[in-house]
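# A closer look at the structure
The primary structure of each chain is shown beneath.
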Amino acid sequence: MSTLPSTNPYEDPESARLYDAENSGREDVEFYRRLARELRDAAAGGAGAPFTVLDIGCGTVVLGVDLAADGHCVIGVDPAEAMLQIARTRPGGERVTWILGSADAAPEGEADLAVMTGHAAQQIVPADAWRTLLRDAHRALRPGGMLAFESRDPRRRAWERWTPESTRGTFPHPDGGEFTSWVELLEVDESGADGVVETHRGVTEREGSARRGAEETLIFRPLDVLRADLESAGFAVEQVCGDWSGGPITDATAELILLGRRP
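Residues numbered from 1 in each chain as written. Predicted model: local features only at pLDDT ≥ 70, side-chain atom pairs only at ≥ 80, totals over all residues. Heavy atoms only, no water.

## Some remarks on the overall build of the chain
To keep things clear, this is the line we draw: What counts as a helix is a DSSP run of H or I of at least four residues, what counts as a strand is a run of E of at least two, and both are numbered from the N terminus. Between the two quantities, the radius of gyration covers C-alpha atoms and the globule rule is 2.2 Å times the number of residues to the power 0.38. Think of it in three bands: with a 1.4 Å probe and only protein chains considered, a residue is buried below 20% of the maximum accessible area for its type, exposed above 50%, and partly exposed in between. Whether two residues are in contact is decided by their heavy atoms: any pair within 4.5 Å suffices. Exposure was quantified through the Shrake-Rupley algorithm and a 1.4 Å probe, taking into account, for residues, occlusion by the shown protein chains and nothing else.
In terms of helices and strands, the chain carries seven helices and twelve strands. The C-alpha atoms of the chain give 18 Å as radius of gyration, which agrees with the globular expectation for 263 residues (18 Å, within 12%). Principal-axis analysis of the C-alpha atoms gives the chain an extent of 60 × 45 × 30 Å. The 263 residues of the chain split such that 49% are buried. Across the chain, contacts joining residues at least 24 apart in sequence account for 64% of those joining residues at least 6 apart. Taken as a whole, the chain presents about 12000 Å² of accessible surface, with 50% of it coming from carbon and sulfur.

## Side note on the side chain of Thr 204
By the secondary structure assignment, Thr 204 is in strand β9 (residues 196–206). A relative accessible area of 16% places Thr 204 in the buried class.

## Observations concerning helix α2 (residues 27–42)
The condition is simple: Given the number of residues in a helix, its expected span is that number minus one, multiplied by 1.5 Å.
Taking 1.5 Å of rise per residue, the 16 residues of α2 would be expected to cover 22 Å, and the 23 Å separating its terminal C-alpha atoms lies within 8% of that figure. Residues of α2 that are buried: Asp 28, Val 29, Phe 31, Tyr 32, Arg 33, Leu 35, Ala 36, Leu 39 and Arg 40. Buried residues along α2 sit against β2 (52–56), α3 (62–69), β5 (111–116), β6 (141–152), β11 (236–241) and β12 (255–261).

## Section: the pairing of strand β3 (residues 73–78)
Here is the rule we go by: Following DSSP output, two strands are said to pair if at least two bridges run between them. Note on handedness: a crossover is taken as right-handed if, strands pointing away from the viewer, the path from the first strand over the helix to the second is clockwise.
A large share of β3 lies buried, amounting to five of its six residues. Bridge count for β2 against β3 is five bridges, and the pairing is parallel. Pairing of Thr 52 across the sheet is with Cys 73, part of β3. In this fold, β2 hands off to α3, which returns the chain to β3; that crossover is right-handed. With helix α4 (residues 81–89) bridging β3 and the parallel strand β4 (residues 96–100), this β-α-β connection has right-handed handedness.

## Here's the deal with the environment of Glu 207
Along the chain, Glu 207 falls in the loop between β9 and β10 (209–220). By relative accessible area, Glu 207 is classed as exposed at 73%. A C-alpha to C-alpha distance of 44 Å links Glu 207 and Arg 37, two positions 170 residues apart in sequence.

## Observations concerning the pattern of salt bridges
For clarity, the threshold we go by: Throughout this description, the term salt bridge denotes a Lys or Arg side-chain nitrogen within 4 Å of a carboxyl oxygen of Asp or Glu.
Going through the model one piece at a time under the given rule, you end up with 16 salt bridges. Taking the shortest distance from any N to any O, the salt bridge between Glu 30 and Arg 33 comes out at 3.3 Å. Of this pair, Glu 30 and Arg 33 both sit in helix α2, three residues apart, which is roughly one turn of the helix. Arg 157 is the salt-bridge partner of Glu 160, the closest N and O atoms lying 2.6 Å from each other. On the basis of relative accessibility, which here comes to 46%, the residue Glu 160 falls in the partly exposed class. Owing to a relative accessible area of 28%, Arg 157 belongs among the partly exposed residues under this scheme.

## Observations concerning unusual backbone geometry
Unlike most non-glycine residues, His 119 shows phi in positive territory, near 60°. With respect to the helices and strands, the residue His 119 is situated in the loop between β5 and α5 (127–140). Its identity as a non-glycine residue notwithstanding, Glu 207 has a phi of 55°, on the positive side.

## Quick look at the sheet that holds β12
To keep it simple, the criterion reads: Note on method: axes are straight lines fitted to C-alpha atoms, helices fitted across the in-contact stretch only, with angles between N-to-C directions ranging 0 to 180 degrees.
Reading across from one edge, β4-β3-β2-β5-β6-β12-β11 is the order of the seven strands in this open sheet, with mixed pairing throughout. Whereas interior strands pair on both sides, the edge strands pair on one side only; in this sheet they are β4 and β11. Each strand axis lies, on average, 20° off the axis of its neighbour in the sheet, ignoring direction. Strands in contact with α5 are β2, β5 and β6; relative to β6, the strand with the most contacts, it is inclined by about 145°. Relative to β12, helix α7 (residues 223–232) is tilted by about 15°, and along the sheet it contacts β6, β11 and β12.

## Some words on the environment of Ala 114
On the secondary structure map, Ala 114 appears in strand β5. In this structure the C-alpha to C-alpha distance between Ala 114 and Leu 259, which are 145 residues apart in sequence, comes to 9.8 Å. Setting aside anything within four residues of it in sequence, one finds Ala 114 in contact with Leu 54, Ile 56, Leu 141, Met 146, Leu 147 and Ala 148.

## Topic: the packing of α2 against α3
Between two packed helices, both the angle of their axes relative to each other and the distance between the axes serve to describe the pair. We apply this condition: The crossing is said to be left-handed when, going from far helix to near helix, the turn is anticlockwise and less than a right angle, and right-handed when the turn is clockwise. Under the scheme applied here, ten amino acids are nonpolar (Ala, Val, Leu, Ile, Met, Phe, Trp, Tyr, Cys and Pro), four are charged (Asp, Glu, Lys and Arg), and all others, including Gly, are polar.
Axis separation between α2 and α3 bottoms out at 10 Å; the angle between their running directions is 35°. Note that α2 runs across α3; the crossing there is right-handed. Here α2 contributes Val 29, Tyr 32, Arg 33 and Ala 36 to the contact with α3, which in turn contributes Val 62, Leu 63, Asp 66 and Leu 67. Among the residues making up the contact of α2 with α3, the classes are represented as six nonpolar, no polar and two charged.

Following this line, the structure appears as structure tokens:
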């Protein structure tokens, strides 16, 4: 078994190619599609009115293509060119407007809905960068527009289950055959005021050769921090859900799903 060097997983073309296989069938896609339809139908002019969705950190844009197929105007922004390369060649990808960058690169005041999926919100760890992103999302929305995103509830301590044994899975490889992947937890810091910060690394194995990805750091912000940051950026927190069916937060909640409206 050999170990190969790698780079940031979101910039590395091979990691980008494997992303969809490892993250297929997510319930969040249907949640955000349903939300977009409901907001469009409730907007002035009814279901036929133009409705623009900004997908921040769109990645390979599974959601964005589905939103475009639903009849929405979709703008996808992502800082990783390797991910956008996959997105552009996806069937239906030509319906989406692609921007290399983050929310600060999005047009001002054009979006009716901005979303961050795939736990993209947890990838923005420094507090100042996170709060800047929220302000940029606010700027990109029309008055009355909504920002929606999810973050894992730190009370569930998901990082404690991110071991090779519990995360190992086998998936179809884009070139045929299969590959196996798992997660190695490297470090956890619970001392910060804004939440728990953990660092992990993904490993993929195919045909006896293992490839270790770049380290990735995530932050698990508690609900009170997420609420305060949204309000500080100018949003009114309109709804908080604890699961993808729209249920309330409970002791068993794994996700914190927040909907904030720009007044």
